[in-house]
Amino acid sequence: MQDIARRLQGKICVVTGASRGVGRGIALSLGAAGATVYVTGRTRQEGEAPLPGTVGATAAEVTRRGGHGIAVACDHADDAQVEALFAQVGREQGRLDLLVNNALTVPEALVAPGPFWDKPLAMSALLDVGLRSSYVSSYFAAPLMLAGGGLIAFTSAPGARCYMHGPAYGAGKAGIDKMAFDMAHDLRPHGVATVSLWLGVVATERTAAVLAAEPRKYGRVVPESAEFPGRVLAAFYADPERQARSGGVYYAAELARELGVVDLDGRQPPSYRAALGGPLPFSDAVVE
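Procedures and definitions
- Counting restarts for each chain: residues are numbered from 1 in the order of the written sequence.
- Reporting in this predicted model follows two pLDDT cut-offs: at least 70 for local features of residues, and 80 or more for side-chain atom pairs to be given and counted; totals over whole chains, interfaces and linings ignore these cut-offs and use all residues.
- Hydrogens are left out, water is left out, and the side-chain values use all remaining heavy atoms of the structure.
- In this text, helices come from DSSP runs of H or I with a minimum length of four residues, and strands from runs of E with a minimum of two, each type numbered from the N-terminal end.
- The globule rule used here is 2.2 Å times the number of residues to the 0.38 power, and the radius of gyration it is set against is calculated over C-alpha atoms.
- Whether a residue is buried, partly exposed or exposed follows from its accessible area with a 1.4 Å probe, protein chains only, as a fraction of its type maximum: under 20%, in between, or over 50%, in that order.
- Two residues qualify as a contact provided that any one of their heavy atoms is within 4.5 Å of a heavy atom in the partner residue.
- Every accessible area reported is derived by Shrake-Rupley at a probe size of 1.4 Å, with residue values counting cover from the shown protein chains alone.
- Nine residue types can take part in a nonpolar core, namely buried Ala, Val, Leu, Ile, Met, Phe, Trp, Tyr and Cys, and a core is a set of them joined through side-chain atoms within 4.5 Å.
- As used in this structure description, the phrase polar contact means that two N or O atoms lie within 3.5 Å; if the pair is within protein, one of them must be able to donate a hydrogen and the other to accept it, and residues adjacent in sequence are counted only when both atoms belong to side chains.
- With strands facing away from the observer, any crossover in which the path from the first strand over the helix to the second runs clockwise is taken as right-handed.
- A pair of strands counts as paired when DSSP detects no fewer than two bridges linking them.
- Each salt bridge in this description consists of a side-chain nitrogen of Lys or Arg and a carboxyl oxygen of Asp or Glu lying within 4 Å of one another.
- Note on definitions: angles span 0 to 180 degrees between N-to-C directions of axes, and those axes are lines fitted to C-alpha atoms, for helices only across the stretch in contact.
- The cut-offs work like this: below 35 degrees is roughly parallel, past 145 is roughly antiparallel, 65 to 115 is roughly perpendicular, and the gaps in between are oblique.
- When the near helix sits turned anticlockwise from the far one by under a right angle, the crossing is termed left-handed; a clockwise turn instead gives a right-handed crossing.
- Under the scheme applied, nonpolar residues are Ala, Val, Leu, Ile, Met, Phe, Trp, Tyr, Cys and Pro; charged residues are Asp, Glu, Lys and Arg; polar residues are all the others, including Gly.

Where an unreviewed UniProt entry is consulted, the protein chain appears under the name SDR family NAD(P)-dependent oxidoreductase, with the organism given as Halomonas pelophila.

Put into structure tokens, the structure is as follows:
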């Protein structure tokens, strides 16, 4: 099995939406692999958000793990703040090697039962900070990556294929997958790869609350760690064949098996393909 330690030594990374949850876990894994990680999010101080975690705390833990964490408070609904973020990376580092588009608005009604018209219209925020914000971050990041190659990664989910949390969530994830595919076409001449990762059940603060609320429904679910997707991305970045997979949509668990990656506890997290379906192939046709 691959050891991610120092695989990203000297590499410059940005992880969006990393105050807590999946983004935090990814940032920590990249730090453990030796990277400099710009950690973005809106939460500067504990208590500003319902769940624990701040950009500063994540950045400090990245450094403790062996990387170099840099906290940047950034609202990914504000294009000017996003532009300023990547301008800062350009000034301080001169390049960017890995962008992880993870920022996502999670409305309170996300997992509530019922049809979309009975839920608040604010569910559409998933398309702003999630789908659109990933495009904006990639737009400002790409010029920093063209000279040296690199990777733009997206966190996605099987909701791109099956019904999951309603049409706003599903459309956002399907759009993310297609965005990764199309950006790969534009970036390929510059040696920059893209990938969209379908995550499983991840052990985040939010997931813990959901599992505890319905133990009969989720009693047998064993979540993968929040650091597992980052371990997969570190191995994917270090893979000399990553360009051959560029534009692909993969279950993180399946890609982990191919790359020889296990979770923190040595376990191989399961793929949910049998229950939820797999990514659909895109056409090879190109219309300029």
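There is more to say after this.
Caption draft 1: Spotlight on the overall build of the protein chain. Counting secondary structure elements, the protein chain contains ten helices and nine strands. Compactness check: the protein chain gives a C-alpha radius of gyration of 18 Å against a globular reference of 19 Å for 288 residues, within 12% of the reference. Along the three orthogonal principal directions, the C-alpha set of the protein chain runs to about 50 × 50 × 40 Å. Residues classed as buried in the protein chain amount to 51% of the 288 residues present. For the protein chain, the share of sequence-separated contacts (at least 6 apart) that also reach a separation of at least 24 residues comes to 70%. For the protein chain, the exposed surface amounts to about 13,200 Å²; the carbon and sulfur share of it is 55%.

Caption draft 2: Representation of the nonpolar core. In terms of nonpolar packing, the biggest core is built from 39 residues, with Leu30 and Val37 touching the most fellow members. Per element, the largest residue contribution to this core is seven residues, and it comes from helix α8 (residues 228-238). With residues up to four places along the chain from it excluded, the contact list for Val37 reads Cys13, Val15, Ala27, Leu30, Gly31, Val62, His68, Gly69 and Ile70. In this structure, Ile12, Ile70, Val72 and Val136 belong to the second largest nonpolar core, which totals 25 residues.

Caption draft 3: Main features of the side chain of Ser196. Summarising the element assignment, Ser196 is placed in strand β6 (residues 192-198). Side chain to side chain, Ser196 and Asp177 meet in a polar contact 2.7 Å long. Those residues within four positions of Ser196 in sequence are excluded, and the remaining contacts are Phe154, Ser156, Ile176, Asp177, Ala180, Gly248, Val249 and Tyr250.

Caption draft 4: Spotlight on the pairing of strand β2 (residues 36-41). Most of β2 sits inside the fold, with six of its six residues counted as buried. The two faces of β2 match: Thr36, Tyr38 and Thr40 on one face and Val37, Val39 and Gly41 on the other face are all buried. Tracing the backbone out of strand β1 (residues 12-15), into helix α1 (residues 21-32) and back to the parallel element β2 gives a crossover that is right-handed. Two strands pair when backbone bridges link them, and β2 and strand β3 (residues 68-73) are joined in this way by six bridges, in the parallel orientation. The residue bridging Val39 from the neighbouring strand is Ala71, located in β3. Note on the crossover from β2 through helix α2 (residues 55-64) to β3: the handedness is right-handed.

Caption draft 5: Representation of the pattern of salt bridges within the structure. Inspection of every chain in the model, using the stated rule, returns ten salt bridges. Between Arg267 and Asp265 there is a salt bridge whose closest N-O contact spans 3.6 Å. On the basis of relative accessible area, Arg267 is assigned to the partly exposed category, the value being 23%. Look at the salt bridges and you will find they share partners, linking Glu61, Arg64, Arg65 and Glu227 into a network.

Caption draft 6: Representation of the environment of Met164. Here Met164 shows up in the loop between β5 (150-156) and α5 (167-187). Residues within four places of Met164 in sequence aside, it is in contact with Pro158, Gly159, Tyr169, Gly170 and Leu276.

Caption draft 7: Summary view of the packing of α1 against α8. Two elements in contact, α1 and α8, have axes whose closest approach is 7 Å; the angle formed by their N-to-C orientations is 45°. Judged on the interaxial angle alone, α8 and α1 are oblique. The chirality of how α1 crosses α8 is right-handed. The residues of α8 that touch α1, namely those facing Ile26, Ser29 and Leu30, are Pro229, Gly230, Arg231, Leu233 and Ala234. By residue class, the composition of the contact of α1 with α8 is five nonpolar, two polar and one charged.

Caption draft 8: Summary view of the environment of Leu51. Mapped onto the elements of the fold, Leu51 is located in the loop between β2 and α2. When the C-alpha atoms of Leu51 and Glu205 are compared, they prove to be 7.1 Å apart, with 154 residues separating the residues in sequence. Once you skip the residues sitting within four places of it in the chain, Leu51 turns out to touch Arg20, Glu205 and Arg206.

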